[in-house]
Amino acid sequence: MDFVRGRVLRPGDEGFDTVHRPWNLVGQDVTAVVEAADIDDVAALVRHANENGLQIATQAGGHGASGNAGGAVLLRLDRLNEVRIDPVAATARAGAGVRWGAVQEAAAAHGLTGLAGSSPIVSATGYTLGGGLSWFGRAFGWAADSVTAFEVVTADGERSRVTDGDLFWALRGGGGDYAIVTAIEFGLHPAPELYGGRMIWPLSKARQIFLTYAEITAAAPEALTLWLGVLNFPGMDPLVTVDVTYLGPAASAVELLRPFENPVSDSRRVLTPAELGQITADPVDPSAAASRSLLLNGLDDVEEALLGQPLEPVFGVQLRHLGGALAGPSATPFGPLTEPYYVYALGAPGKATYAGLDELTARLGKSVSHRKPYFALSPSDTVADAFDPGTLDRLRAVKRRHDPRNVLRANYPVV
Ligand SMILES: Cc1cc2nc3c(=O)[nH]c(=O)nc-3n(C[C@H](O)[C@H](O)[C@H](O)COP(=O)(O)OP(=O)(O)OC[C@H]3O[C@@H](n4cnc5c(N)ncnc54)[C@H](O)[C@@H]3O)c2cc1C
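Residues numbered from 1 in each chain as written. Predicted model: local features only at pLDDT ≥ 70, side-chain atom pairs only at ≥ 80, totals over all residues. Heavy atoms only, no water.

Going by what an unreviewed UniProt entry lists, the protein is known as FAD/FMN-containing dehydrogenase and is assigned to Paractinoplanes atraurantiacus. In its Sequence similarities (unreviewed entry) section, the UniProt entry covering the protein states "Belongs to the oxygen-dependent FAD-linked oxidoreductase family." UniProt, in the comment section headed Cofactor (unreviewed entry), describes the protein in these words: "FAD". (UniProt positions renumbered as here; feature names shortened; annotations may be inferred.)

1. Re helix H10 (residues 351–364)
Taking 1.5 Å of rise per residue, the 14 residues of H10 would be expected to cover 20 Å, and the 20 Å separating its terminal C-alpha atoms lies within 8% of that figure. Restricting attention to buried positions, one finds in H10 the residues Thr353, Gly356, Leu357, Leu360, Thr361, Arg363 and Leu364. An end-on view of H10 places all buried positions within 160 degrees of arc, on one side of the element. Facing away from the buried side of H10 by over 90 degrees, the exposed positions are Lys351, Ala352 and Ala362. Buried residues along H10 sit against strand S17 (290–296), helix H9 (302–307), strand S18 (316–321) and strand S19 (341–347). Phi turns positive one or two residues past the end of H10, at glycine 365, with a value near 55 degrees. (Helix = DSSP H or I, 4+ residues; strand = E, 2+ residues; numbered from the N terminus. Expected span 1.5 Å × (residues − 1). Buried < 20%, exposed > 50% of the residue type's maximum accessible area, 1.4 Å probe, protein only. Arc of directions from axis to C-beta. Contact = heavy atoms within 4.5 Å.)

2. Describing the sheet that holds strand S6 (residues 91–95)
Through backbone hydrogen bonds, the strands of a sheet pair up, either in parallel or in antiparallel fashion. Ordered in space as S5-S6-S10-S8-S9, the 5 strands form an open sheet in which the pairing is antiparallel. Pairing within the sheet leaves two strands with one partner each, and these edge strands are strand S5 (83–86) and strand S9 (159–162). The sheet shows a mean angle of 15 degrees between the axes of neighbouring strands, taken without regard to direction. In this structure, strand S8 (residues 147–153) lies alongside strand S10 (residues 180–187), joined through 6 bridges in antiparallel fashion. Note on S10: the bridge partner recorded for phenylalanine 150 is isoleucine 184. On the sheet, helix H2 (residues 39–52) packs against S8, S9 and S10 and is oriented at approximately 60 degrees with respect to S8. Relative to S5, helix H3 (residues 100–108) is tilted by about 30 degrees, and along the sheet it contacts S5, S6 and S10. (Pairing = 2+ DSSP bridges. Axes fitted to C-alpha atoms, helices over the stretch in contact; angles between N-to-C directions.)

3. Here we look at the site of the ligand
In the neighbourhood of the ligand, 31 residues make up the surrounding shell, with Ala60, Gly62, Gly64, Ser123 and Leu133 lying closest. For the ligand, an oxygen atom lies 2.7 Å from a polar atom in the backbone of leucine 133. Here an oxygen atom of the ligand sits 3.0 Å away from a polar atom, N or O, in the side chain of arginine 320. For the shell around the ligand, the elements supplying multiple residues, two or more each, are strand S3 (56–59), helix H4 (124–129) and S10. If one sorts the elements of the shell around the ligand by residue count, H4 sits on top with 4 residues. Of the residues belonging to the shell around the ligand, the class tally is 14 nonpolar, 15 polar and 2 charged. (Near = heavy atom within 4 Å. Polar contact = N/O pair within 3.5 Å; in protein donor to acceptor, adjacent residues only side chain to side chain. Nonpolar A, V, L, I, M, F, W, Y, C, P; charged D, E, K, R; others polar.)

4. Observations concerning the nonpolar core
Counting 59 residues, the largest nonpolar core has Phe150 and Phe186 as the members making the most contacts within it. Only S6, H3, H4, S8, helix H6 (165–171), S10 and helix H11 (389–402) provide two or more residues apiece to this core. With 5 residues, H6 is the single largest residue contributor to this core. Taken domain by domain, the makeup of this core includes at least three residues from each of domain 2 (83–190 + 390–401) and domain 3 (195–381). Once you skip the residues sitting within four places of it in the chain, phenylalanine 150 turns out to touch Leu129, Ser160, Arg161, Val162, Phe168, Leu171, Arg172, Val181, Ala183 and Ile184. Formed by 39 residues, the second largest nonpolar core is a distinct cluster that contains Ala206, Ile209, Phe210 and Phe260. (Core = buried A, V, L, I, M, F, W, Y, C linked by side-chain atoms within 4.5 Å. Domains from an automatic or database assignment.)

5. Topic: the side chain of serine 367
Mapping serine 367 onto the fold places it in the loop between H10 and H11. Under the relative-accessibility criterion, serine 367 is labelled buried at 4%. There is a polar contact of 3.4 Å between the side chain of serine 367 and the backbone nitrogen of aspartate 301. Sequence-distant contacts of serine 367, that is, excluding residues within four places in its chain, are made with Leu295, Leu296, Asn297, Gly298, Leu299, Asp300, Asp301 and Val302.

6. Considering the UniProt feature "domain: FAD-binding PCMH-type" (unreviewed entry) in the protein
Mapped onto this numbering, the UniProt entry annotates "domain: FAD-binding PCMH-type" (unreviewed entry) at residues 26–191. The span residues 26–191 is 24% helical and 27% strand by assignment, and the distance between its end C-alpha atoms comes to 37 Å.

7. Here's the deal with the environment of glycine 70
Structurally, glycine 70 is set in the loop between S3 and strand S4 (73–76). Judged by its relative accessible area of 33%, glycine 70 is partly exposed. If near-sequence neighbours (up to four positions away) are discounted, glycine 70 is found in contact with Asp29 and Arg409.

8. Remarks on the sheet that holds S4
With mixed pairing, the 4 strands of this open sheet are ordered in space as S1-S2-S4-S3. Bordering the open sheet on either side are strand S1 (7–9) and S3, each of which pairs with just one other strand. For this sheet, the mean angle separating the axes of adjacent strands, direction not counted, is 20 degrees. Here strand S2 (residues 32–35) pairs with S4 via 4 bridges, running parallel. Residue pairing across strands places glutamate 35 opposite arginine 76, the latter belonging to S4.

9. Looking at unusual backbone geometry
Of the consecutive residues glutamate 312 and proline 313, the connecting peptide bond is found in the cis state with omega at 5 degrees. Here proline 313 shows up in the loop between H9 and S18. Positive phi values are uncommon outside glycine, yet alanine 281 reaches one of about 45 degrees. Within the secondary structure layout, alanine 281 lies in the loop between strand S16 (269–270) and S17. Classification of alanine 281 as exposed rests on a relative accessible area of 58%. One non-glycine residue, asparagine 406, adopts positive backbone phi at about 55 degrees. Following the sequence through the fold, asparagine 406 ends up in the segment after H11. Since its relative accessible area comes to 31%, asparagine 406 is described here as partly exposed.

This is how it looks when you write it as structure tokens:
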């Protein structure tokens, strides 16, 4: 692949082990890694793949790696790392290698925010292709609904700017199976005042905190978002946490959150949108975890499921409050996120953890929705867990139309 100006590494080459490793430590038996120097490299690689019957798996940091890249060429786009903000139009253009932290840093300078989630090192592109569940989703909806354009290299190696039509629809939350995205453009949102942080209590207070959480989230304004956590990490005292953001004045947030009494630790303060990642301080180093994501139709069985018995061997559960604009109109393949809560549970990979996750799911009982968002699929899931049959047929038709030779391989492919 000497036609590529970026680095090409094959198994056995020095540095290959580090470069091919995804953040989510699943096995990834790829034939080579290409670090594209620019968009011409991407186009040249796609033409080469077409001529030689190869497949390309595009990956930003691999937070969503599923182990499905085996046998493919792994394409990394970290060098497409330019961020541009138009403060007047309140829009951003981010190269496909740009992480959310960089977008937020640039947007915050103008009192604006993108629809970032918990981790600042997840790529804005990879995240948005999965729909994108933001801290500010309750106020502004799915991140993918804010996208105005994708710059892509199509599966036949041509450059294109996509602003409507079936490809635009599929890329706004249907994954990366249809084209290689080289940059995204999206609307930013006003965040002149932002307040947030984490409150912590010992697990003995969990029931009281859960009831307060249920009460406040039932009537919360869209500017307020609360995530409840139960943390049971080995070697640590078990804790209950409430992570919060409020898009508005600190005094209003303090008033809304007054029922949460006497935390033993409290990091709440006025924040800038660039500091969003500090709230949960998600792990930065590559990790191996067994996880389960579930949407919930309500909180009926949730208190008992989370607090009625020890979570072990599951060591962390996060309960995110949804609703607001997330449940409103959406042009994404997933559509309106009408379920009011989302649960993410994790533990160390292994049989016991998978059994623990199954048991937790069973305890959540009839509260569990029949579907999961695409961004939250895990290796034991398929796209049929995210999309209804009609949507899946439509996504497959887009795939067949735009990548008939199946040159592109997403983490969770639609065919
Ligand atoms: C700690 C942690 C916190 C998270 N928090 C949130 C959250 O708050 N909200 C939320 O919505 N999600 C969240 N996620 C999920 C995250 O959005 C997904 O893992 C997503 O895949 C982005 O990760 P990434 O940028 O590393 O992409 P990767 O894992 O590198 O890519 C995932 C897939 O996206 C596609 N893709 C990526 N880039 C391109 C491209 N340029 N062109 C075409 N296809 C491409 C490919 O199919 C690829 O397999 C979180 C994940 C982790 C591990």
